[in-house]
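Here is what each chain is made of, one letter per residue.
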Amino acid sequence: MAAQLSERDLVLKELKEAADYFVSNEKSYILIPEIRTNLGFAISNPKDEKDVAAFPGRLTVAFGRVIYCLPPAFGASDHVARIILTAMKYNKSLRSAINLKYLPNVIKRLEDVYFFDRKSEPEESKQMEGHTMNFMVKMAYESLGHIPQYLVDLGDYGKEPGIFILSSNPTDVVKKSLLLLNSL
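The structure contained in this document is the topic of the report that follows. (Residues numbered from 1 in each chain as written. Predicted model: local features only at pLDDT ≥ 70, side-chain atom pairs only at ≥ 80, totals over all residues. Heavy atoms only, no water.)

1. A short note on the pattern of salt bridges
In this structure the tally under the stated criterion is nine salt bridges. Put simply, Asp51 and Arg8 hold a salt bridge, and the shortest N to O gap is 2.9 Å. Separated by 43 residues along the polypeptide, Asp51 in the loop between strand E1 (39-42) and strand E2 (52-54) and Arg8 in helix H1 (residues 7-24) bring together distant segments of the chain. The partner of Asp20 in a salt bridge is Lys16, with the nearest N and O atoms 2.7 Å apart. (Salt bridge = Lys/Arg side-chain N within 4 Å of Asp/Glu carboxyl O. Helix = DSSP H or I, 4+ residues; strand = E, 2+ residues; numbered from the N terminus.)

2. Some remarks on the packing of helix H2 (residues 79-90) against helix H5 (residues 132-144)
Put simply, H2 and H5 touch, their axes get as near as 8 Å, and they point 30° apart. Overall, the two elements H2 and H5 adopt an arrangement that is roughly parallel. Our pair here, H2 against H5, has a crossing hand that is right-handed. Judged by residue contacts, His79, Arg82, Ile83, Thr86, Ala87 and Tyr90 of H2 engage Met133, Asn134, Met136, Val137, Lys138 and Tyr141 from H5. Residues belonging to the contact of H2 with H5 are distributed by class as follows: seven nonpolar, three polar and two charged. (Axes fitted to C-alpha atoms, helices over the stretch in contact; angles between N-to-C directions. Parallel < 35°, antiparallel > 145°, perpendicular 65-115°, else oblique. Left-handed = near helix turned anticlockwise from the far one by under 90°. Contact = heavy atoms within 4.5 Å. Nonpolar A, V, L, I, M, F, W, Y, C, P; charged D, E, K, R; others polar.)

Below you can see the structure in the form of structure tokens.
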């Protein structure tokens, strides 16, 4: 009889399968921003970034294809992990997220979206390292009364704009990501 996988092992397995599906799409490279992409997935009751799995070194583009160099690991992301952890404070089911390139044609077609203008962030918040993502999610909740499927970071001087997709699992996040290609 096969041993039962722990929740952490199941998170890593599902995350890798979702990333492999994303990578297998020959046009997924269009969705990768300059800062590259990470796909994250948290255990059901995370305490911090060490309870969120993601890809060390992120997903990147080489020779017109999306690749990743290492399998998913816990604690491998700060950026996407903060999005997930903050979202889970408001909705425990939003355990997965991805960051994608800002694409104007795609943005126009999104529903259930929050547009984050970094200029609205108070200066003291901007000065705290790693706080802007938390602030963006909090503002989305305060503005909409829920965490939307899509968060659009409009960027700022030296900060690349981007799209974040949130959902309950990485397979759903990846499917929603790839659907964005239909808007191009």
